[in-house]
Amino acid sequence: MACDREEKYDELVQEFEGNNNIQILRNGHFVSRASDYIIYSVEAAVIDRVVAQYGPSTKLGAIVGGQTSCKDPEIKAFEKYLPADVDIVSCHSLHGPNVDPKGQPLVLIKHRASDESFSKVEHVLSCLNSKVVYLSADEHDRITADTQAVTHAAFLSMGKAWHATKQFPWEGTRYVGGIENVKINLMLRIYAQKWHVYAGLAILNPEAHKQIAQFAKSTTELFQLMLEGHSDELRARVYAAKEKVFGAEGSPKWASKPLLRDDVLDQFSLRQPENGGPSAPSLPNNHLSLLAMVDCWSALGIVPYDHMICSTPLFRLWLGVTEHLFRTPGLLDECLKVGIEDRTFRRDDLQFTIAAAGWAECVGLRQFETWRERFAVTQAFFEPRFKGAVEVGNAMIKAVLASDEKD
Ligand SMILES: NC(=O)C1=CN([C@@H]2O[C@H](COP(=O)(O)OP(=O)(O)OC[C@H]3O[C@@H](n4cnc5c(N)ncnc54)[C@H](OP(=O)(O)O)[C@@H]3O)[C@@H](O)[C@H]2O)C=CC1
Ligand SMILES: O=C(O)C(=O)Cc1ccc(O)cc1
């Protein structure tokens, strides 16, 4: 049994006509009073209002859960509005659309439930074949702030920077190769989705504000060092962060086998033959976004590998390219050299720095409407190119997941 907002009832009935497995009901009251297990899968920002509306209609003794990406407001709403006889078991599938749930992390939160109710939820969701991770709501929000919120801040800032400099980066000569493909494809994937998912998990998760603010601070400070030509200071800072995040020489925190193979990523380019195709010569980049990510993890004492149990494909790709930059002999030094000596990326880096600061301020001030508008204008800029591009991004994620499975 399912529903959308009541105004959408007729539309939804039409969409599911002929589907005998799903019964469309007029609103949440009808779903709630007739179901033994109810999942709220709505925008995180409206969860309080929606549970207030339908929670009191919950069937006696039923189980209620939510699929929102941030659990603090969801659990608060359940505690506030659900009758005392109702059990609460929440969940969160840690992947986006077009990803096979098989083997992906699925967080289960036994917040207020009998063992019997919890087993029932485990049984129902076992059809996803996901890897179940058992956490409390607080643990969930702490980990996803580190994995999701700050990762998205990086890609959202890249999109803003390319928008500000009016470029589709796969059409120019500067963004070629595996690392750049990941940046471009994941940036497009995020901007092709609904704004509220990313706004909700950043703004409503109190843990996320600190991470996003630090990412902006790291970006600004590293960019300043580059602009001012402080080569030694930049090098010392980045190498200190490397040691904290990835371990000292001889005792690395990364596995012996790299998370990602650059050559797998090389294939997933949006570059057309008229722009030199996927194998156009690549330019060394200072990768400000990746250096800032590691500096941010270091400043906050985050070891990203500790969060692998609770990671999205997007986070694993992001960590994978970061690890690649820091463990490939010579690559980090090349990147630092470019940061000091080469002006090719200065304009884009300036816009990236401004964008990161803008997102951080918006999140810190809990400005949903400003967040939506910032996202929407950049989404409109890239929109004509989503068709085709999103499929390349999906294929890239599939290929990386498939190569994970082989290991
Ligand atoms: N997309 C993703 O990759 C993932 C999303 N999530 C989380 O899942 C949740 C849903 O996301 P997603 O499915 O992508 O977003 P959608 O916008 O597709 O779904 C949310 C739906 O809830 C509906 N809704 C809002 N208010 C009510 C109401 N009073 N009664 C009934 N329905 C209502 C919305 O209707 P309308 O649009 O008309 O307002 C909309 O159809 C979010 O909290 C998100 O953070 C979790 C994991 C992954
Ligand atoms: O697009 C992807 O793969 C994501 O990682 C998106 C995503 C967004 C919100 C979630 O709560 C979980 C996953």
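As the structure is a computational prediction, the values presented were derived from the model and not from experiment.

## Observations regarding the environment of Arg271
Line of reasoning, step 1. For Arg271, the location among the structural elements is in the loop between α11 (262-266) and α12 (288-300).
Line of reasoning, step 2. A C-alpha to C-alpha distance of 50 Å links Arg271 and His29, two positions 242 residues apart in sequence.

## Some points on the sheet that holds strand β2 (residues 63-66)
Line of reasoning, step 1. Spatial ordering of the open sheet is given by β1-β2-β3-β4-β5, a layout of five strands whose pairing is mixed. Looking at which strands have only one partner, the edges of the open sheet turn out to be β1 (37-40) and β5 (131-134). Averaged over neighbouring strand pairs, the angle between their axes works out to 25° when direction is ignored.
Line of reasoning, step 2. Sheet analysis places strand β4 (residues 105-112) next to β5, joined by four bridges and oriented parallel. Its bridge partner lying in β5, Leu106 is registered against Val132.
Line of reasoning, step 3. On the sheet, helix α4 (residues 71-81) packs against β1, β2, β3 (87-93) and β4 and is oriented at approximately 160° with respect to β3.

## As for the UniProt feature "domain: Prephenate/arogenate dehydrogenase" (unreviewed entry) in the protein
Line of reasoning, step 1. Under the present numbering, the feature "domain: Prephenate/arogenate dehydrogenase" (unreviewed entry) in UniProt falls on residues 1-256.
Line of reasoning, step 2. Secondary structure content for residues 1-256 is 52% helix and 11% strand, while the C-alpha to C-alpha distance between its ends is 48 Å.

## So, the pattern of salt bridges
Line of reasoning, step 1. Scanning all chains against the criterion turns up 16 salt bridges.
Line of reasoning, step 2. As a salt-bridge pair, Glu221 and Arg237 come within 2.8 Å of each other at their nearest N and O atoms. Highlighted residues: Glu221 in helix α9 (residues 206-228) and Arg237 in helix α10 (residues 231-246), separated in sequence by 16 residues.
Line of reasoning, step 3. Under the relative-accessibility criterion, Glu221 is labelled partly exposed at 24%.
Line of reasoning, step 4. The residue Arg372 makes a salt bridge to Glu369 at a minimum N-O spacing of 2.8 Å. Of the two residues, Arg372 and Glu369 both sit in helix α16 (residues 368-382), three residues apart, roughly one turn of that helix.

## Some thoughts on the packing of aromatic side chains
Line of reasoning, step 1. Inspection of the entire model under this criterion finds 20 aromatic pairs.
Line of reasoning, step 2. Here Tyr40 and Phe78 contribute two aromatic rings whose centre-to-centre distance is 5.9 Å and whose plane-to-plane angle is 55°, an arrangement assigned as tilted. Here Phe78 lies in helix α4 and Tyr40 lies in strand β1, a separation of 38 residues in the sequence. In terms of burial, Tyr40 and Phe78 fall into one category: buried.
Line of reasoning, step 3. Between the aromatic rings of Trp297 and Phe315, the centroid separation amounts to 6.5 Å while the plane-to-plane angle is 75°, which identifies the pairing as edge-to-face. You can see Trp297 sitting in helix α12 and its partner Phe315 sitting in helix α13 (residues 313-327), a full 18 residues away along the chain.
Line of reasoning, step 4. Aromatic rings pair up to connect Phe168, Trp170, Tyr191, Trp359, Trp371, Phe375, Phe381 and Phe382 into one cluster.
Line of reasoning, step 5. Lying across the ring of Trp359, Arg374 places its NZ or CZ 4.3 Å from the centre.

Rules behind the numbers
Residues numbered from 1 in each chain as written. Chains lettered and ligands numbered in written order. Predicted model: local features only at pLDDT ≥ 70, side-chain atom pairs only at ≥ 80, totals over all residues. Heavy atoms only, no water. Helix = DSSP H or I, 4+ residues; strand = E, 2+ residues; numbered from the N terminus. Pairing = 2+ DSSP bridges. Axes fitted to C-alpha atoms, helices over the stretch in contact; angles between N-to-C directions. Contact = heavy atoms within 4.5 Å. UniProt positions renumbered as here; feature names shortened; annotations may be inferred. Salt bridge = Lys/Arg side-chain N within 4 Å of Asp/Glu carboxyl O. Buried < 20%, exposed > 50% of the residue type's maximum accessible area, 1.4 Å probe, protein only. Phe/Tyr/Trp six-rings, centres within 6.5 Å; stacked < 30°, edge-to-face > 60°. Lys NZ or Arg CZ within 6 Å of the ring centre and 35° of its normal.

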